[in-house]
Amino acid sequence: MKKEKKKKQKTDPKYLKELELYGAGLSAVSPVEQPGRFYLCFLRAILIFLAAYGMLAAVVTSFDLPFSKLAVGLGIFVLAFISAFLYYNKGTFYIGYLAVFAGFIFFSIYMYLYVNSGYQAFLNEVYNKYSDYFRLSSVREAEEFISNRYLTVTAAMLFMGWFFCILLNITISGYMSLALTFLVTFLPLQVAFYIDIIPPLHYLVMLIAVYITVAVLGRSGHYTLPYRHGKEQQFEHKRRRKKNSFTYLASSGGMLTITLYSLILSALFMLICSSIFAKDFDGRMVSNKVKDRTDEYVKTAMQGGLASLLSRYTSTGGLAKGKLGGVGTVIPDYEPNLYVQFATDASDSVYLKAFTGVYYNDVYTRFLPHSDPDNPAYRMMSEEDLKTADECAPLLNMGKDEYRRMHIDNVDADAEYDYSPYYTYYSTTNRENSKKSYTEGMEKRAREYFTDSFGLIDNAERFDKEDRYILHNSLGEPDSYDLLYIPFSSDAVLHTNPSIPPEYEDMVSNVYLQVPEGLYDALDNFIAEAGLAEVSDPLDTAYKLKQYFMDNFSYTMSPGITPWGRDMIEYFLLDQRRGFCAHYAASSTLIFRRLGIPARYVEGYYISPGDMDEGEALSSDLSSWVSGEDATDEAGVIEVTVTDGSAHAWTEIYLYGYGWLPFETTPPSEGELFDSRLTFLSRFFDLLQQTRRNAGDNSNTTVSNINMPDAKTLSGALGNMNFILRPVLITLGIMILAMLLRLPFAKLILIIRKSLYASRGLYNEALLVEYERLLRLLRSKKLLTIKNPLPRDIENIIKKAASASADTAPDPSALSDLTATVNYSAYSGRELDAAKYTSVITFIKSIRKSL
Amino acid sequence: MKLRNLPYIITYILCILLFFLGVLFYRQSLLSVLIILFIILPPLSIYLTNIAAKRLEITLECPQVNVCPGGIARYTLGVRNPGLIPLLNILVELKYENLYYPNPGVSEIVIPAELGKKKEFSLPFDVTKAGMFSVSIERILVTDFLHLYTRELKSDINVMIPVIPDEERFENTYFPKAAVESEDSEPSAEGELTNDIKQLREYRPGDRLKDIHWKQSARSIDIMVKEYETTSDLYFLILPELESSTLEEGINEFNKTANSLLFMKESFRVAIWHDDGNHFEFVKVSSRADLDIAFYKLYLEPVGEVSEVYYRFSSLYPEMYGVLRISGGKLLIPERSDD
């Protein structure tokens, strides 16, 4: 190999040209003594062990999990050793890696139950700690097949240790890259640090020592184990323009020294910085956009697993417009979408309907709206069908004639839609008729029968908010409008609607029973499983379905995405069995259809009683908001901020003779008594509000003992940096002090050495130490500039220096005697006698004084 | 600080900023500790490097006396770090060239200075042309552990060895002996060929008239004759007149001439013109080692397009004769001889 390389170098045209032109060239550089390859691999093994064991033990210990330190330490050391020696030569590299991977797979399969249980034990502890830390209402719990955690965690650590040894071997032995090594070890460590758990410091000492060593060695370039080169080749040769560069590949002595020094430095450093770790860090009290967003992701991952972070498209709530299955997690940003002003008694919820999905396209797993030309049902519905679609609802009998006005400002909701409650019959919006939520017929009849109610708009009381930016609709006008509606309450009695034409019901039967053939089996299996086929009444069926969902399914905002190639509804019903409103509404729609009950998928916003409680009170005068019978129990006029967190999906079922009826099948979340969504979201929201409140108000007495960061302004942020500035200043102070004390300390060491030698009768050594002090003095006075001076040179220098001041000039003969004595002490091999030593020392002292 | 440190400094500052942002947003203890480490390391690294660099010892040696064209000049670069702090980033900038063919390029050797005993690195230079091969250490750059600071150490180390052609000679060539006299030939002016008187002796038939020491003869009964120092050895004189266009041929011709004379067990002298001193040095050669010295001195003199050596020689020694001139890459053997 060496010959080949040399031959290659010598036949290099550039090199030959250099020889031809200049008559000389440097073909290679080599060390006189070859560094031991075993030694180099061994040092790498130490680094890999320190990094892998330090990181794993730190993380596992942080979560109070038991494991055998001996077994894990020994195991990881052996694995680190094996990994590092893969780079011994080409043979070990190629064959060794195969063997290591084979062993890894064998271990994984053979110890599967132990490793898996240990991993699940770790996850469960992580879930528990995070749940406590973030006050999460629900977290996952993994099943541990083997309950002996001492065994399972040890096995899992060995498994992970193996994995990390391979990774770290690449980052350290292969590249000596600090960035990669840091990423591999720092990210797992964050599992503990993110919730303010501080691992034992000695594990951190190991890690930081590795970081320092890898940084220093990586930058020096003398870390490469030349397994890729010939055994003899110890330098890497590069030609840059007219420069030839030879870099020494591996410095074994340097690696060893740097590793040892890094360990010492790291230990000292951690001792100095231990006060920082001891400080009461509370990440929960930290609030800024970055931290809050990270917290959201962390919480999402805790609740829905890592897969929940992998959404195909993002969703912050709001309308999905029939798109289903691509969102792993809904992460609402709680920004206002609508401002809704209306009169309320704060007892009933309000559904603001927007999107109606008709045809389910199982290829794109989405519902297409009425107006979508791609919707096959679109061709089956006449203009008249579309216009009458929304007026075909059961008639209400609430025991009183009451009409209300609602005012909506659209600030961030989809401007395509007219958001309106059920039984809306008039709106001031300028949308074209097909985009309105009611029909011309409804308005016509209302103007005939509810004439008085229109006075609410004519004499409307306005609460204009000038600081609010309102979206513009498709006509380019501000999307702010009033509408009139009949309030719908849970105690309303429903009546048949005789005005529904039979042709409409025929159309409903044709259009709203559509189910893709590919879903027949899945739906039939589910229907059989839930026992829905045994019920004949549509409403009973609906309630039974709702109950079944409540009993067997769970609500979560982080269900994870539907796998590619699978239908969202099939996957939800048969495998996933957890999800948010869109999952339940979409599945219910198709289940109803499969059972012969016409149904459609609806999206909009849901205003809960809780939202109304938090609404802003505008007025107690209801005269321009409520018409008809006096509503004595009304609380007043409020404005509710509807955020994307209030976006919702539900189902409408068609009851022949009655019309379309909204129906909720989404179950509450686990542990909640009623509206899971509301409770869950409000708690979630509360948590954020809490952190923001704390962050914004430093005077808050409950958190006064903690540095409250306010990252909104730089000065505010820096003002709270005392916790880091203090240790930085202390550390820098110690360093400066050390530098200042270095010279006196070195002097002190020399004096001690001299005294020790003299006390033992080693006068030669004692004299040479004193003589070294004299040299240092000469150097400090810039009198001595040459390296390795001989005693004769020193004599001349002293003579020269002394000639300037004749009074204190030393005796020339004594000076010669000093030179002779120093030579005697250094080279004769015979010991100096005490009397001579004393006289020479006295003379040296007199020289030092004269200088 | 050097320009080469700049990328590292920028990267380092960016890392600090990144960690600072991390601390600012997350207030995490580990990040805080790491940022302190970031702050501490640079001054520590620079300080330790400065201390160690002061005590660093770099040597350059070549055990060979000479090397032949096509051979390898084996130099040894030595590094000794007597302190307690290792240095990992030492860049030794070497300039190597044949003085006849100046090389504008340099070679960098990046080596560590480990603690303990001197570490040596072998530098095998391929040399292909005759001339003076010189290796000098131009600069020594010591960079700190983090590559944020570089200290330059001065160096005047320069080690030269002559590249001398292989031992070749002429076959059956006649070489005349030379005589060189200055007009004011004072006796025993050291270095001048014919004025080194070894002794006076009685006249013997065949002695030249000009060798009779008239003053001494007047005082004694016999006619005394000046016998010169190794008269027979000094008789051959080679005058190399090297020119850049026929440099290699000239050196080879000189080499062959000299070796031929040595082969005949003849001593000779080589007249070397020293441009700076404006004089000729007559290097006495009676062995191969002497010839190496002659080559060494010859190679140190610059070579121009046209050689003025003969012109200067004839000016100084107008009555010289029998000089073996190496001119235009050829050996010019004089027709006239005085023996």
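Reading guide: rules and limits
Residues numbered from 1 in each chain as written. Chains lettered and ligands numbered in written order. Predicted model: local features only at pLDDT ≥ 70, side-chain atom pairs only at ≥ 80, totals over all residues. Heavy atoms only, no water. Buried < 20%, exposed > 50% of the residue type's maximum accessible area, 1.4 Å probe, protein only. Helix = DSSP H or I, 4+ residues; strand = E, 2+ residues; numbered from the N terminus. Arc of directions from axis to C-beta. Contact = heavy atoms within 4.5 Å. Pairing = 2+ DSSP bridges. Axes fitted to C-alpha atoms, helices over the stretch in contact; angles between N-to-C directions. Parallel < 35°, antiparallel > 145°, perpendicular 65-115°, else oblique. Salt bridge = Lys/Arg side-chain N within 4 Å of Asp/Glu carboxyl O. Lys, Arg positive; Asp, Glu negative; His and termini not counted. Polar contact = N/O pair within 3.5 Å; in protein donor to acceptor, adjacent residues only side chain to side chain.

Draft legend 1. Looking closely at helix α17 (residues 520-530) of chain A. All names here are of chain A. Of the positions making up α17, those classed as buried are Ala522, Leu523, Phe526, Ile527 and Ala530. Down the axis of α17, the buried set is contained in an arc of 130°. They therefore lie on one face. Away from its buried face by more than 90 degrees, α17 exposes Asp521 and Ala528. Each element contacted by the buried residues of α17 is listed here: α18 (538-552), α19 (568-576) and α20 (581-594). Just downstream of α17 lies Gly531, where phi reads positive at about 65°.

Draft legend 2. Spatial organisation of the sheet that holds strand β14 (residues 324-327) of chain B. All names here are of chain B. Strand order in the open sheet formed by five strands is β13-β12-β11-β14-β15, and the pairing between neighbours is mixed. Where the open sheet ends on each side, the last strands, each with one partner, are β13 (279-285) and β15 (330-332). Adjacent strand axes in the sheet meet at a mean angle of 25°, parallel and antiparallel pairs treated alike. Here three bridges tie β14 to β15, and the two strands are oriented antiparallel to one another. By the bridge assignment, Arg325 is partnered in β15 with Leu332. Strand contacts of helix α5 (residues 288-299): β11 (236-241), β12 (268-274) and β13, with the helix running at about 160° to β13, the strand carrying the most contacts. Across the face of the sheet, helix α6 (residues 309-316) comes into contact with β11, β12, β13 and β14 while running at roughly 135° to β11.

Draft legend 3. Spatial organisation of the packing of helix α3 (residues 37-62) of chain A against helix α8 (residues 178-193) of chain A. Residues and elements named next belong to chain A. Packing of α3 against α8 leaves a shortest axis separation of 8 Å and a crossing angle of 10°. The angle between the axes of α3 and α8 places the two elements in the roughly parallel class. For the pair formed by α3 and α8, the contact residues are Ala51, Met55, Ala58, Val59 and Ser62 on the first element and Val184, Thr185, Pro188, Leu189 and Ala192 on the second.

Draft legend 4. Focus on the pattern of salt bridges. For the structure shown, the criterion picks out 30 salt bridges over all chains. Taking the shortest distance from any N to any O, the salt bridge between A:Lys799 and A:Glu795 comes out at 3.2 Å. Highlighted residues: A:Lys799 and A:Glu795, both in helix α26 (residues 791-803), separated by four residues, approximately one helical turn. Assessed through its relative accessible area of 38%, A:Lys799 is described here as partly exposed. When its relative accessible area of 10% is taken as the criterion, A:Glu795 is described as buried. The network of salt bridges with shared partners includes A:Lys243, B:Arg4, B:Glu93, B:Glu108, B:Arg139 and B:Glu152.

Draft legend 5. Quick look at the side chain of B:Glu301. Residue and element names in this part refer to chain B. Along the polypeptide, Glu301 turns up in the loop between α5 and α6. The charged side chain of Glu301 is buried without a salt bridge, its nearest counter-charge being Lys297 at 9.6 Å. A polar contact is formed between the side chain of Glu301 and the backbone nitrogen of Asp275, at a distance of 3.3 Å. In contact with Glu301, not counting residues within four places along its chain, are Tyr100, Ile272, Trp273, His274 and Asp275.

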